[in-house]
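A structural walkthrough
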Amino acid sequence: MANSTTNEKPKGTAKRGFAAMDEATQRAIASKGGQAAHQKGTAHEFDSEEARRAGQKGGEAVSRDREHMAAIGRKGGESRQSAARANAEKNRSVASEQSAKGGNKQ
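Residues numbered from 1 in each chain as written. Predicted model: local features only at pLDDT ≥ 70, side-chain atom pairs only at ≥ 80, totals over all residues. Heavy atoms only, no water.

An unreviewed UniProt entry annotates the protein as Stress-induced protein of Duganella margarita.

Our next topic: the overall build of the protein. Within the protein one finds three helices and zero strands. Along the protein, from the amino end to the carboxyl end, the secondary structure elements read α-α-α. Counting over 106 residues, the protein shows a buried share of 0%. (Helix = DSSP H or I, 4+ residues; strand = E, 2+ residues; numbered from the N terminus. Buried < 20%, exposed > 50% of the residue type's maximum accessible area, 1.4 Å probe, protein only.)

Attention now moves to the pattern of salt bridges. A side chain with one charge may pair with a side chain of the opposite charge, provided their charged atoms come close. Applying the stated criterion across every chain yields a total of three salt bridges. We note a salt bridge from E49 to R52, for which the minimum N-O separation is 2.8 Å. Here the residue E49 and the residue R52 both occupy positions in helix 2 (residues 48-63), the gap between them amounting to three residues, near one helical turn. Judged by relative accessible area, which is 37%, E49 ranks as partly exposed. (Salt bridge = Lys/Arg side-chain N within 4 Å of Asp/Glu carboxyl O.)

Per-residue pLDDT for the protein has a mean of 82; in total, 84% of the residues score no lower than 70. Helix 3 (residues 66-104) is the least confidently modelled element of the protein, averaging 81 in pLDDT, while helix 1 (residues 23-40) averages 92, the highest of any element. (pLDDT = per-residue confidence, 0-100.)

Okay, helix 1 next. With 18 residues, helix 1 ought to run about 26 Å at 1.5 Å a step, and its terminal C-alpha atoms sit 26 Å apart, in line with that. Directly after helix 1, the chain includes G41, whose backbone phi takes a positive value near 90°. (Expected span 1.5 Å × (residues − 1).)

Time to look at a nonpolar patch on the surface. On the surface, a nonpolar cluster with roughly 250 Å² of combined accessible area is contributed by F18, M21 and I29. For M21, the position within the fold is in the segment before helix 1. The class of M21 is partly exposed, set by a relative accessible area of 31%. (Patch = residues over 30% accessible without salt bridge, like charges linked within 9 Å, V, L, I, M, F, W, Y side chains within 5 Å. Areas by Shrake-Rupley, 256 points an atom, 1.4 Å probe, with all protein chains shown as cover.)

The next subject is the environment of D47. Mapped onto the elements of the fold, D47 is located in the loop between helix 1 and helix 2. Looking at D47, its side chain comes within polar contact range of the main-chain nitrogen of E50, at 2.7 Å. (Polar contact = N/O pair within 3.5 Å; in protein donor to acceptor, adjacent residues only side chain to side chain.)

What follows is the structure, encoded as structure tokens:
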């Protein structure tokens, strides 16, 4: 039987190196790396045309998966439908409040 007071570490759960650092330290180190690459001239910078082509290429790759695209469409339709239902419910409650207030006036 395993004893919880033993000094055994669970396998694969301890963060080490870069992953163990806090986010601010990671950002500072990564920023220095980016600055060094730019100074050295080896950093790549996208121009707007290159970025447009990359986005188009990614969109084409995703749209080839018809099942995935159908799921996205269903999710959007469900979201729109639930928003419409919530809006209709809100309008009904506002209308019933107004009619209740109007009925009390003489």
